[in-house]
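A look at the structure
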Amino acid sequence: MPEDALIYNAGMNPKAHEPASLPVPEPIALAQSEALAATLRAEIAAAGGWLPFDRYMERALYAPGLGYYSGGSRKFGLLADDGSDFVTAPEMSPLFAATLARAVGEALAASGTRALMEFGAGTGRLAAGVMLALEALGVPFDAYSIVDLSGELRERQRETIAQRAPHLLERVQWLDALPERFEGVVIGNEVLDAMPVRLFARKDAVWHERGVAVGDAGGFVFSDRPAMSGRDADWAQSVPGSVLAAIDGSDDYVAETHEAALAFTRTVCAMLTRGAAFFIDYGFPESEYYHPQRVQGTLMCHYRHRAHDDPFLYPGLQDITAHVEFSGIAQAGVETGADLLGYTSQARFLMNAGITEVLGEIDPRDVVRFMPAANAVQKLVSEAEMGELFKVIAFSRGIDSTIAAFARGDRSHTL
Ligand SMILES: C[S@@+](CC[C@H](N)C(=O)[O-])C[C@H]1O[C@@H](n2cnc3c(N)ncnc32)[C@H](O)[C@@H]1O
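Definitions and cut-offs
- Residues numbered from 1 in each chain as written.
- Predicted model: local features only at pLDDT ≥ 70, side-chain atom pairs only at ≥ 80, totals over all residues.
- Heavy atoms only, no water.
- Helix = DSSP H or I, 4+ residues; strand = E, 2+ residues; numbered from the N terminus.
- Rg over C-alpha atoms; globule rule 2.2 N^0.38 Å.
- Buried < 20%, exposed > 50% of the residue type's maximum accessible area, 1.4 Å probe, protein only.
- Areas by Shrake-Rupley, 256 points an atom, 1.4 Å probe, with all protein chains shown as cover.
- Near = heavy atom within 4 Å.
- Polar contact = N/O pair within 3.5 Å; in protein donor to acceptor, adjacent residues only side chain to side chain.
- Core = buried A, V, L, I, M, F, W, Y, C linked by side-chain atoms within 4.5 Å.
- Domains from an automatic or database assignment.
- Pairing = 2+ DSSP bridges.
- Axes fitted to C-alpha atoms, helices over the stretch in contact; angles between N-to-C directions.
- Lys, Arg positive; Asp, Glu negative; His and termini not counted.
- Salt bridge = Lys/Arg side-chain N within 4 Å of Asp/Glu carboxyl O.
- Contact = heavy atoms within 4.5 Å.
- Buried area = accessible area lost by both parts, 1.4 Å probe.
- Nonpolar A, V, L, I, M, F, W, Y, C, P; charged D, E, K, R; others polar.

1. With respect to the overall build of the chain
- Scanning the chain from N- to C-terminus turns up 13 helices and 18 strands.
- Relative to the globule expectation of 22 Å for 415 residues, the C-alpha radius of gyration of the chain, 21 Å, shows essentially globular dimensions.
- The principal-axis extent of the C-alpha atoms belonging to the chain is close to 60 × 45 × 40 Å.
- Expressed as a percentage of the 415 residues in the chain, the buried residues total 56%.
- Accessible surface computed for the chain: about 17000 Å², of which carbon and sulfur atoms make up 52%.

2. Observations regarding the site of the ligand
- Taken together, 19 residues form the shell around the ligand, and within it Tyr 62, Thr 88, Gly 120, Asp 148 and Asn 189 come nearest.
- At 2.6 Å, a side-chain N or O of Thr 88 approaches an oxygen atom of the ligand.
- Taking Gly 120, its main chain carries an N or O atom lying 2.6 Å from a nitrogen atom of the ligand.
- Contact with the protein chains removes 95% of the 600 Å² of surface that the ligand exposes when unbound.

3. Looking at the nonpolar core
- Core analysis: the largest hydrophobic core is formed by 99 residues, its most contacted members being Phe 53 and Phe 278.
- Looking at which domains feed residues into this core, each of domain 1 (6–64 + 198–260 + 291–321) and domain 2 (89–194 + 262–289 + 324–414) supplies at least three.
- Core analysis: the next-biggest nonpolar cluster, separate from the first, contains 28 residues, Ala 115, Met 117, Leu 192 and Met 271 among them.

4. So, the sheet that holds strand 13 (residues 300–303)
- What the three strands build is an open sheet, ordered 14-13-15; its pairing is antiparallel. The sheet is open, and its two edges are formed by strand 14 (306–308) and strand 15 (319–321), each paired on a single side. Averaged over all pairs of adjacent strands, the angle between their axes in this sheet comes to 25°, without regard to strand direction.
- Alignment of strand 13 against strand 15, held across three bridges, turns out to be antiparallel. Across the sheet, residue His 302 finds its bridge partner in strand 15, namely Asp 319.

5. A look at unusual backbone geometry
- Of note in the backbone geometry, His 305 takes a positive phi value of approximately 65° without being a glycine.
- Inspection of the secondary structure puts His 305 in the loop between strand 13 and strand 14.
- Phi at Tyr 314 takes a positive value of approximately 45°, unusual for a residue other than glycine.
- Mapped onto the elements, Tyr 314 comes out in the loop between strand 14 and strand 15.
- On the accessibility criterion, Tyr 314 (17% relative accessible area) is buried.

6. Focus: the side chain of Arg 397
- Mapping Arg 397 onto the fold places it in strand 18 (residues 390–397).
- No salt bridge is formed by the buried Arg 397; the nearest opposite charge belongs to Asp 339, separated by 7.5 Å.
- Setting aside anything within four residues of it in sequence, one finds Arg 397 in contact with Cys 269, Ala 270, Leu 272, Thr 273, Arg 274, Gly 275, Thr 336, Gly 337 and Ala 338.

7. Considering the pairing of strand 13
- Taking every second residue as pointing to the same face, both faces of strand 13 are buried, with Met 300 and His 302 on one and Cys 301 and Tyr 303 on the other.
- Pairing analysis gives three bridges linking strand 13 to strand 14, with the strands arranged antiparallel. Among the inter-strand pairings, Cys 301 is bridged to a residue of strand 14, identified as His 308.

8. Some details on the pairing of strand 7 (residues 182–189)
- The element strand 7 is largely enclosed, with a buried count of seven among its eight residues.
- Across three bridges, the pairing between strand 4 (residues 115–119) and strand 7 is parallel. Looking at strand 7, one finds that Met 117 is bridged to Val 186.
- In this structure, strand 7 lies alongside strand 12 (residues 272–284), joined through eight bridges in parallel fashion. Across the sheet, residue Gly 184 finds its bridge partner in strand 12, namely Gly 275.

9. Overview of the domain arrangement of the chain
- Splitting the chain by domain gives domain 1 (6–64 + 198–260 + 291–321) and domain 2 (89–194 + 262–289 + 324–414).
- Taken together, the contacts link 20 residues of domain 1 with 20 residues of domain 2.
- For the domain 1 and domain 2 pair, buried surface summed over both sides reaches about 1600 Å², with 55% attributable to carbon and sulfur atoms.
- Where domain 1 touches domain 2, the interface holds zero salt bridges.
- For the pair domain 1 and domain 2, the number of links is 15 residue pairs in polar contact (both at pLDDT 80 or more).
- When contributions to the side of domain 1 that touches domain 2 are tallied by element, the ones reaching two or more residues are helix 2 (53–62), helix 7 (239–245), strand 11 (253–257), helix 8 (259–271) and strand 15.
- Ranked by the residues each element gives to the side of domain 1 that touches domain 2, the list is headed by helix 2, at three residues.
- Among the residues making up the side of domain 1 that touches domain 2, the classes are represented as 11 nonpolar, six polar and three charged.

Structure follows, in C-alpha cells:
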C-alpha cells in the first residue's frame, strides 16, 4: 500500500495536496454535484446573495440524495482505488470495536442498563464489532439502536451486520427520531466532526462571519460580513461572540464555532437518563483550539484519500469536517446535569481499556492475522498517528465511580 494512501479523516496538512492534483470524478458524479450546486446557487440568490457557511456545509453533506453522506459515494475505505475518501478507526481494525466494547460493557454493568445506541454508524462495522465483543465478554444487552442522517448508509449498515453478526441483527433497529429518555450506552465515532460549523474571520481586528456567495464564474466563493450585523442578536453573550472575543491578539485569524455539535451534545445528554455516552473524535480543548497561533482554523476536506482545504470543490462529492472543540462539548453535556465521566487521548483510552490484551488473543505465530492487527494497534495508539490527535469524551448518569478506560491519564482538568 502506498504510504500516503491511508488518510485518517483528520489532521493532514491542508496544503499537502492542492486541489489541482486531485482525481477528477466520473461524469455521473459530476452531474450529481452540479445538481446540488444549482440548488445551493438558488438558495444563495433567495437569501440575498449570502449564505452562512454552516448552512452550505449542511447541504453539502446532508442534502437528501445529493449531499456527501446522503448520496451514494463510498466514503469509508482503505484506498483511493476503491472509490473511498478516508479511513476511520472501526474501518481500519476490528480491535477498535473490541476494545471500545470493554469500556461500553463496563458502563452497561455500572449503570445496570442493557441497551445501546450508536450515532452515525458508518458502514456498520463498529456496531457489528461491539455487539460481537459484548457477546464474547458475556455482557447482556437487549437492543442496539442506530441513528444516522444518511438513509443510504442504513442499507450498508444492515448488510454489514447481516454478514458479520447475523444472529444479532434482530436486536438492531434504526431510529427516525430520538426517544425522550434513554437508559443505556451511547457511542459515536467521528460524528461530532461531521456537524456543520460556522466560520469567522478576524480582519484588521474586526470579526466577520465568513459565508458563501456565488462568484463571477458561477462557482462558490467565501464572502465575509461584519459578524455583529449577523444572526447573533446579542453578540457578546452568544457562543461565537464570547468565544471569539476571548482569542488573544489582533492578527488576522480564521476559526470555526460549533453550535450544531453543542446542540447535539445537549440533546443526547438530556435524553440519557441513566448510563453513559462516549464520543471519539479528533480535536482539542478550548485553550489549544483557539490558540492565538492557530490562525487558519481546522476546516478540512477529504476526497479520494487526499486532504485539502477547499470546501467548494465538488460539492456533495467530498467530505467537509472540522476538529472538535472539547471544552465546549464538555460544558454542553454537563449543563444538562450529566456527569463528565472522563476525557483523554484515544491512545490512553484504548490502552486503559486493554487493547494489548485484545491483541494478545491473536496467536503471534499466526502471522497473517497477527501482523495486520499489530500494525493497526500501532496506528490507533501511536502519538504520530491517531493516538494523540483523537480524544475520547464520555458523559454519564447513575454511574458512581470511574471506569477502567479513564482510570489513568484522565485529562478532564484541561477542558
Ligand atoms: C465521519 S462519518 C463516521 C462514520 C462511522 N462512525 C465511522 O467511524 O466510520 C460521520 C457520520 O455521522 C453521521 N452524522 C452526522 N450528524 C449526525 C447526527 N446529528 N445524527 C446522527 N448521525 C449523524 C453521518 O451521517 C455519518 O454517517
